[in-house]
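So the chains spell out like this:
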Amino acid sequence: MSTSVPTGATDAAKTFLLTGIGELTTNVAADGDPCGTVHDAAVLVRNGRIAWTGRATDASEALASGAEPGVRIVNAGGRAVIPGFVDSHTHLIFGGDRAEEFTARMAGERYAAGGIRTTVAATRAATDDHLRARLAALVAECRAQGTTTLEVKTGYGLDVETEARLARLAAEVTDEVTFLGAHVVAPDHAGSADEYVDLVVGDMLRAVSSHVRWIDAFCEEGAFTADQCRRVLEAGRAAGLGIRVHGNQLGFGEGVRLAVALGAAAVDHCTFLTDDDVIALAGSDTVATLLPGVEFSTRQPYPDARRLRDAGVTVALASDCNPGSSFTSSLPFVIALAVREMGMTPAEAVWAATAGGARALRRTDVGTIAPGTRADLVLLDAPSRVHLAYRPGVPLVRRVWKDGEELPTAATP
Ligand SMILES: [Zn+2]
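Residues numbered from 1 in each chain as written. Predicted model: local features only at pLDDT ≥ 70, side-chain atom pairs only at ≥ 80, totals over all residues.

## Remarks on the environment of Arg363
Next, step 1: With respect to the secondary-structure elements, Arg363 resides in the loop between helix 14 (355–360) and strand 14 (377–380).
Next, step 2: Taking C-alpha positions, Arg363 is 18 Å from Val245, a pair spaced 118 residues apart along the chain. (Helix = DSSP H or I, 4+ residues; strand = E, 2+ residues; numbered from the N terminus.)

As structure tokens, this is what we get:
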């Protein structure tokens with residue numbers, strides 16, 4: 001690897017050498033290792049981008065030769081460094097709280113998609129300032145746990161005015177905003193799902209489209225049929241949006257096959273899959289995004305990540321952070337679940353929560369530590385990434401940088 005760095009103005013705050021890294025996960029596949037692991041490593045960050053990665057001893061020589069005179073040194077003290085997490089599936093903007101529903105579910109009540117309507121009522125009633133403050137607090141919570149790229153969905157407005165508000169507010173915190181008007185049939189249209197879909201593909205899509213990059217639909221019994229989802233997703237595509245699908249969460253269904261047929265970037269949940277679903281995914285560019293926080297919080301069976309990986313399917317892990325079925329923003333927790341409950345190796349799970357999430361968002365500038373990518377880095381208070389699964393519930397995220405800028409964490413308030 002080259003140590004040459006383009007000349008020109010340097011932003012000192014976003015330029016440093018992170019060295020003394022015991023185990024660096026680059027996600028640049030090498031020698032049969034998809035994680036591109038480098039031991040005793042260093043990373044040179046220049047103006048918020050990765051300029052160089054390699055062995056720490058080579059970095060010392062490069063610096064001594066004057067390639068980067070006076071660069072600030074950050075010593076990792078032998079700890080592990082991974083790319084910032086890419087959380088490709090969240091519902092972070094909403095009003096209200098569903099702790100009572102969670103308590104009832106833990107006491108034995110079954111989870112169904114209809115609980116979403118409780119949040120819709122609270123979200124419609126909330127002011128912009130209230131929604132903005134709640135969203136900011138949740139984004140800060142995500143970042144403190146190492147998430148540097150976030151997708152945020154609408155879907156708790158379900159009327160033209162509120163969906164447009166949610167899309168606009170979400171766009172203030174991320175470029176990865178998804179229009180999920182087809183989350184459930186709005187309460188005002190109960191009993192006439194097709195009429196509600198007319199609204200979603202018409203006035204609602206027009207009202208949100210300048211704020212969003214993606215369109216999504218919940219293909220599930222109790223939400224929308226495959227035909228209704230196809231209408232929504234094709235309308236989004238005609239408006240220039242990329243496609244994502246919620247599918248096969250609560251039972252077998254057509255979500256996965258619809259997603260593959262439409263060339264969706266990702267189909268999310270994938271808990272109930274036939275062999276044909278798995279074969280379709282393996283032969284496609286559609287990422288299977290698994291959301292085990294949901295199964296943990298709803299006592300549903302976990303998706304079989306091992307089966308998908310063995311079939312050659314690209315798997316991402318995400319939080320699905322939402323007030324009903326998975327109110328966690330922690331990708332370390334999701335990684336621990338994926339390893340403990342879904343048959344993933346620690347290396348596969350960390351890859352899926354970083355590079356996998358980037359694939360699910362069709363991004364090449366995040367999820368990987370390589371020259372030219374964004375300097376989104378997480379320093380773990382651990383000697384290896386395995387500790388993310390091995391030490392569940394322990395706050396191992398010690399320092400986080402986004403675009404080369406250090407963010408506050410629990411360890412560095
Ligand atoms: Zn979701």
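Once you've had a look at it, read on.
## Here we look at the nonpolar core
Next, step 1: Of all hydrophobic cores here, the largest spans 131 residues; its most connected members are Leu18, Val43, Val81, Leu317, Ile335, Ala338 and Ala349.
Next, step 2: Examining the composition of this core, we find that 8 residues originate from one element, helix 6 (residues 193–208), more than from any other.
Next, step 3: Mapping this core onto the domain boundaries places at least three of its residues in each of domain 1 (12–83 + 368–407) and domain 2 (85–360).
Next, step 4: In this structure Leu18 touches Ala42, Val43, Val45, Val74, Ala76, Val81 and Leu377, once residues within four positions along its chain are discounted. (Core = buried A, V, L, I, M, F, W, Y, C linked by C-beta atoms within 7 Å. Buried ≥ 20, exposed ≤ 12 C-beta atoms within 10 Å, placed from the backbone. Domains from an automatic or database assignment. Contact = placed C-beta atoms within 7 Å.)

## Details of the sheet that holds strand 13 (residues 315–317)
Next, step 1: Ordered in space as 6-7-8-9-10-11-12-13, the 8 strands form an open sheet in which the pairing is parallel. Across the chains shown, the open sheet's two edge strands, defined by having one partner strand only, are strand 6 (85–87) and strand 13. If you compare each strand with its neighbour and ignore which way they point, the axes differ by 25° on average. (Pairing = 2+ DSSP bridges. Axes fitted to C-alpha atoms, helices over the stretch in contact; angles between N-to-C directions.)

## Structural notes on the domain arrangement of the chain
Next, step 1: Taken domain by domain, the chain consists of domain 1 (12–83 + 368–407) and domain 2 (85–360).
Next, step 2: Spacing between the C-alpha centres of domain 1 and domain 2 amounts to 31 Å.
Next, step 3: The partner domain 2 presents 19 residues to the 19 residues of domain 1 that form the contact.
Next, step 4: Only strand 5 (80–83), helix 15 (387–390) and strand 15 (397–402) provide two or more residues apiece to the side of domain 1 that touches domain 2.
Next, step 5: Element by element, the count of residues in the side of domain 1 that touches domain 2 is highest for strand 15, at 3 residues.
Next, step 6: A breakdown of the residues in the side of domain 1 that touches domain 2 according to their chemical character gives 13 nonpolar, 3 polar and 3 charged. (Nonpolar A, V, L, I, M, F, W, Y, C, P; charged D, E, K, R; others polar.)

## Focus: the environment of Val71
Next, step 1: Counting through the fold element by element, Val71 comes out in the loop between helix 1 (56–64) and strand 4 (72–75).
Next, step 2: A count of 20 C-beta atoms within 10 Å places Val71 in the buried class.
Next, step 3: For the pair Val71 and Pro301, spaced 230 residues apart in sequence, the C-alpha separation works out to 51 Å.

## Re unusual backbone geometry
Next, step 1: Backbone geometry at His269 places phi at a positive 105°, although glycine is not the residue there.
Next, step 2: Although it is not a glycine, Asp320 adopts a positive phi angle of roughly 55°.
Next, step 3: Mapped onto the fold, Asp320 is located in the loop between strand 13 and helix 12 (331–341).
Next, step 4: Taking the number of C-beta atoms within 10 Å as the measure of exposure, Asp320 has 27 and is therefore buried.

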